[in-house]
Amino acid sequence: MEVLLPNSDQNFVGSLIPQKAPFVMVDEVSEYSENHVISGFTIKEDNLFVHEGIFQASGLIEHQAQTVALHTGYKYFLLGKESPTGYIGAIKSFEADALPKVGDQLITEATILNEMLGVTLVEIITKINDTVIAKSQMKTVVK
C-alpha cells in the first residue's frame, strides 16, 4: 500500500499508534525521516484534556508523546510490521509558554536524539501558527 505524506486519514494515523479513541491526540503525520517526525492535531471541544475551552498542559505532554509513538509506528509500517506499545519512560524537561484553545491546530516536531535498546531520547517542539508554545525532552520506551 502506497501512503503519501502529509496524511490525515484517521484510520491510517490511528493504526500507527497504540492509543484508541477517545485518547488519540494526533490526527496527521506530515513528515517522516529516520530521525524526525512532524505531526498535527486539531483541538476539539470534546477532547478529554479540554477544560473551559483550553487544552491543558497534560494534554500537550500526551500529544507530544503520541507524536513520538507516531514516529515509531510509521517506522514499523514501512517495515511491514505491527506498531509496538510504548510508554513515557521519563520527562527530562517540559515548558509550555501558552496553552492552546479549542480549534487551534498543533504542529509538533519530534527529533530523535538517541535510540538504544528500545529507549528513545527525543526533543519535541509544539507550535501554533509558527509560534512555539511548548518544548520538552523525554525518554520513551518500547515494550
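Residues numbered from 1 in each chain as written. Predicted model: local features only at pLDDT ≥ 70, side-chain atom pairs only at ≥ 80, totals over all residues. Heavy atoms only, no water.

(A) Layout of the sheet that holds strand β5 (residues 86-96). The strand order β1-β2-β6-β7-β8-β5 describes an open sheet built from 6 strands, whose pairing is antiparallel. Two strands in the sheet have a free side with no partner beyond their single neighbour: β1 (28-33) and β5. The sheet shows a mean angle of 20° between the axes of neighbouring strands, direction not considered. Across 5 bridges, the pairing between β1 and strand β2 (residues 36-42) is antiparallel. Bridge pairing in β2 links Ser33 to His36. Lying on the sheet, helix α2 (residues 57-78) is in contact with β1, β2, β5, β6 (105-116), β7 (119-128) and β8 (131-142); it crosses β8 at an angle near 55°. (Pairing = 2+ DSSP bridges. Helix = DSSP H or I, 4+ residues; strand = E, 2+ residues; numbered from the N terminus. Axes fitted to C-alpha atoms, helices over the stretch in contact; angles between N-to-C directions. Contact = heavy atoms within 4.5 Å.)

(B) Region of the structure containing the pairing of β6. Across 7 bridges, the pairing between β2 and β6 is antiparallel. If you follow His36 over to β6, its bridge partner there is Thr111. With 9 bridges joining them, β6 and β7 adopt antiparallel strand pairing. Paired with Glu115 across the bridge in β7 is Thr120. Here β6 folds back onto β7, and the loop between the two strands holds 2 residues, one of which, Leu117, carries a positive phi near 55°.

(C) Quick look at unusual backbone geometry. A cis amide bond links Leu5 with the next residue in sequence, Pro6, at an omega value of 0°. If you trace the backbone, Pro6 turns up in the segment before α1 (10-16). Put simply, Ala21 and Pro22 share a cis peptide bond, and its omega is 10°. Relative to the elements of secondary structure, Pro22 occurs in the loop between α1 and β1. Its identity is not glycine, yet Glu52 carries a phi of approximately 50°, on the positive side. Position of Glu52 relative to the elements: it lies in the loop between β3 (50-51) and β4 (54-55).

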